[in-house]
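Examination of the molecular architecture
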Amino acid sequence: MALFRRGLIDIHSLSPEGILSILELARRLKEALARRDIPGYKLGRDRDMLVALLFYENSTRTRSSFEIAALRLGLQVTGFGSIEGSSVKKGESLAHTLDMFDAYQCDAVILRHPLDGAAKLASNRVGIPVFNAGDGKRQHPTQTILDLFTILERHGRLDHLHIGLSGDLKYGRTAHTLALALTLFPGNTLHLNAPANLAMPAAITDLARARGTEVVLHTSLERMVPELDIFYQTRIQRERMPDPMEFEEAKKAGVFTLDLMDRTRPGFGLMHPLPIDKALPGILPELDDHPGALYKTQAGNGVPTRMAQLALALGLADDHIAGAQREIDSSDSFLTTLPVSRKPVREGVSIRPIRDRGVVIDHLRPYAESLLARLLKLEERGDIYRAATVRSVKRPENIKGMLMIEDRALTEAELALVAALSPGARVNRIVNSQVIEKLALALPDTIAGIESLHCPNSGCVSRPEHREHVAPSFVKMGPDTVACTWCDHVMNTRELFSSLSRI
Ligand code: CP
């Protein structure tokens, strides 16, 4: 019953049933609001509850609709709408700012922040529900809930729809989160249209395809729009572009015109998370009053949907919720013991074998062996070792790294390090010229605590230059794929360790 008490950081934590459950409560609340049925929506009643709105970035809709949602529920609000005038300007970390609102006994935090993963940091820091009101270019899940609500109102379903996403699909967190949410429902097709430099990240399109969602890339709105049930335009996020030339290229993004509206299917809906940049509008103002333009209704849906989420998080609607949040299975087994054939160590390989006792780490990724020797601190420990990238004796087409360490066995933490650096590696323990144990290593479920290993995403809250003191960690997504725990940046292990290789 209290599954949703943690707030909402990440759309991945919600199941389709959970989303539908939130939307159903939002529907009831919207009807009660329309009737001005105060007992029907003032779920906080006489409870003394306080919600902190902490906005490190500009906002009109998310901040005011969360505030209105809290007030309509009968809750009180506090916080700041800008870091101007706050002690953030004196250099205070996010963690210390959060500690204050925890100390003031707030009941929930709504956080908007420019760094990817900031909301997760907040959720780990305080023991109260946290809502991610947009973290950098990563996610904006409460926006997605109102977007889905609007689509459901329009079409009566969230499956088997053709949804077009356009504009800044690289930095646009609303587009990322909506695309991910739509993959949870069967039969949807994502149509994507963006300038080449603002394409949807491959991690999202790959995940969509892996989940069976068709992804179609377009270069012309004229051809794309007639196929759509919903068109979701997004603003070019110029404030997130490190290079001004990127914005110049981005200006090529398509504009939705009245002429395009005339070519749409029956039931078509035009959406935008807003704001529309009046200097570079993705939708022309002539569409504002068109019956197919949903964006004003969409923004209005921010109130009942955020009321529903606050009510569920604060236990004001416990009779409603069931199964809203996924439970994550975390049984880690990165080690498999292989059968050992009791043959003497082979002679004639490229490097001299261990003759007495020690460990042979084989099938490493080519050239990973010297980095591994450094991470295992072999020289600092005075270990005797040999490292090389060699041709496999059995299969000469295979090039692999090998590391042999005399008089040494690896601890479980060291084995996890080898597995993270080079999943697929084998570790042989040698005693008296015999292999006595052979282990196959797979990527561990989590990777953490490796010195100087940082997320390569420069916008990630865990990067040391942001000084938020967040320990980097990564979770397994596939046999050689990981995602940053904080910002979701998806990469293979070569990319993860590439910055260490350059040290
Ligand atoms: N859609 C949205 O996040 O709008 P604001 O930036 O105004 O909150």
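Criteria and cut-off values
Residues numbered from 1 in each chain as written. Predicted model: local features only at pLDDT ≥ 70, side-chain atom pairs only at ≥ 80, totals over all residues. Heavy atoms only, no water. Helix = DSSP H or I, 4+ residues; strand = E, 2+ residues; numbered from the N terminus. Buried < 20%, exposed > 50% of the residue type's maximum accessible area, 1.4 Å probe, protein only. Axes fitted to C-alpha atoms, helices over the stretch in contact; angles between N-to-C directions. Parallel < 35°, antiparallel > 145°, perpendicular 65-115°, else oblique. Left-handed = near helix turned anticlockwise from the far one by under 90°. Contact = heavy atoms within 4.5 Å. Nonpolar A, V, L, I, M, F, W, Y, C, P; charged D, E, K, R; others polar. Pairing = 2+ DSSP bridges. Polar contact = N/O pair within 3.5 Å; in protein donor to acceptor, adjacent residues only side chain to side chain. Near = heavy atom within 4 Å. Areas by Shrake-Rupley, 256 points an atom, 1.4 Å probe, with all protein chains shown as cover. Domains from an automatic or database assignment. Core = buried A, V, L, I, M, F, W, Y, C linked by side-chain atoms within 4.5 Å.

1. So, unusual backbone geometry
Look at the link from L274 to P275: it is a cis peptide, with omega at 10°. Looking at where P275 falls in the secondary structure, it is placed in the loop between strand 10 (269-271) and helix 12 (295-300). A positive phi angle, near 55°, is found at H363, a position not held by glycine. We classify H363 as partly exposed; its relative accessible area is 33%. Phi at H469 takes a positive value of approximately 55°, unusual for a residue other than glycine. Position of H469 among the secondary structure elements: in the loop between strand 17 (446-448) and strand 18 (473-478).

2. A short note on the packing of helix 6 (residues 141-155) against helix 7 (residues 173-182)
Look at helix 6 against helix 7: their axes get within 9 Å of each other, and the N-to-C directions meet at 60°. Put simply, helix 6 runs oblique to helix 7. Crossing of helix 6 over helix 7 shows right-handed handedness. In contact with P141, Q143, T144, D147, L148 and I151 of helix 6, helix 7 contributes T174, T177, L178, A181 and L182. Class assignment for the residues of the contact of helix 6 with helix 7 results in six nonpolar, four polar and one charged.

3. Structural notes on the sheet that holds strand 18
A sheet is described by the order of its strands in space; here four strands give the open sequence 17-18-19-20, paired in antiparallel fashion. The sheet is open, and its two borders are formed by strand 17 and strand 20 (490-492), each paired with just one other strand. The average angle at which neighbouring strand axes cross in this sheet is 35°, direction not considered. With four bridges connecting them, strand 18 and strand 19 (residues 481-484) associate as antiparallel partners. Bridge assignment links V475 to a residue of strand 19, and that residue is A483.

4. Examining the side chain of D383
Residue position: D383 is located in the loop between helix 15 (378-381) and strand 13 (385-391). Of the polar contacts made by the side chain of D383, one reaches the side chain of R408; its length is 3.0 Å.

5. Things to note about the site of the ligand
Around the ligand, the surrounding shell consists of S59, T60, R61, T62, R112, H140, Q143, P273 and L274. Between the ligand and T60, the relevant distance is 2.8 Å, taken from an oxygen atom to a main-chain nitrogen or oxygen of the residue. In this structure, a nitrogen atom belonging to the ligand sits 3.0 Å away from a side-chain N or O atom of Q143. A total of 250 Å² of accessible area belongs to the ligand in isolation, and the protein chains cover 91% of it. Across the shell around the ligand, the residue classes break down as two nonpolar, five polar and two charged. For the shell around the ligand, the two domains that each supply at least three residues are domain 1 (7-140 + 302-313) and domain 2 (142-298).

6. Details of the sheet that holds strand 7 (residues 189-193)
Across the sheet, which stays open at both edges, the five strands sit in the order 8-7-6-9-10 with parallel pairing between neighbours. Unpaired on one side and paired on the other, strand 8 (214-218) and strand 10 mark the two borders of the sheet. Across this sheet, the average inter-strand angle for adjacent strands is 20°, counted without regard to direction.

7. Quick word on the environment of I361
Mapping I361 onto the fold places it in strand 12 (residues 357-364). The class for I361 is buried, based on a relative accessible area of 0%. Separated by 65 residues in sequence, I361 and R426 place their C-alpha atoms 5.8 Å apart.

8. Examining the nonpolar core
Of all hydrophobic cores here, the largest spans 63 residues; its most connected members are I110, L165 and L310. Sorting elements by how many residues they give to this core places helix 1 (residues 16-34) first, with eight residues. Counting only domains with at least three residues in this core, you end up with domain 1 (7-140 + 302-313) and domain 2 (142-298). Apart from the residues within four sequence positions on either side, L165 is in contact with A175, L178, A179, L190, H191, L192, N193, M200, M224 and Y232. In terms of nonpolar packing, the next biggest core, distinct from the first, is built from 62 residues, L94, L111, V427 and L443 among them.

9. A look at the domain arrangement of the protein chain
Each assigned domain of the protein chain is listed with its residue range as follows: domain 1 (7-140 + 302-313), domain 2 (142-298), domain 3 (335-441) and domain 4 (446-501). Placing the centre of domain 1 and that of domain 3 at their C-alpha centroids yields a distance of 51 Å.

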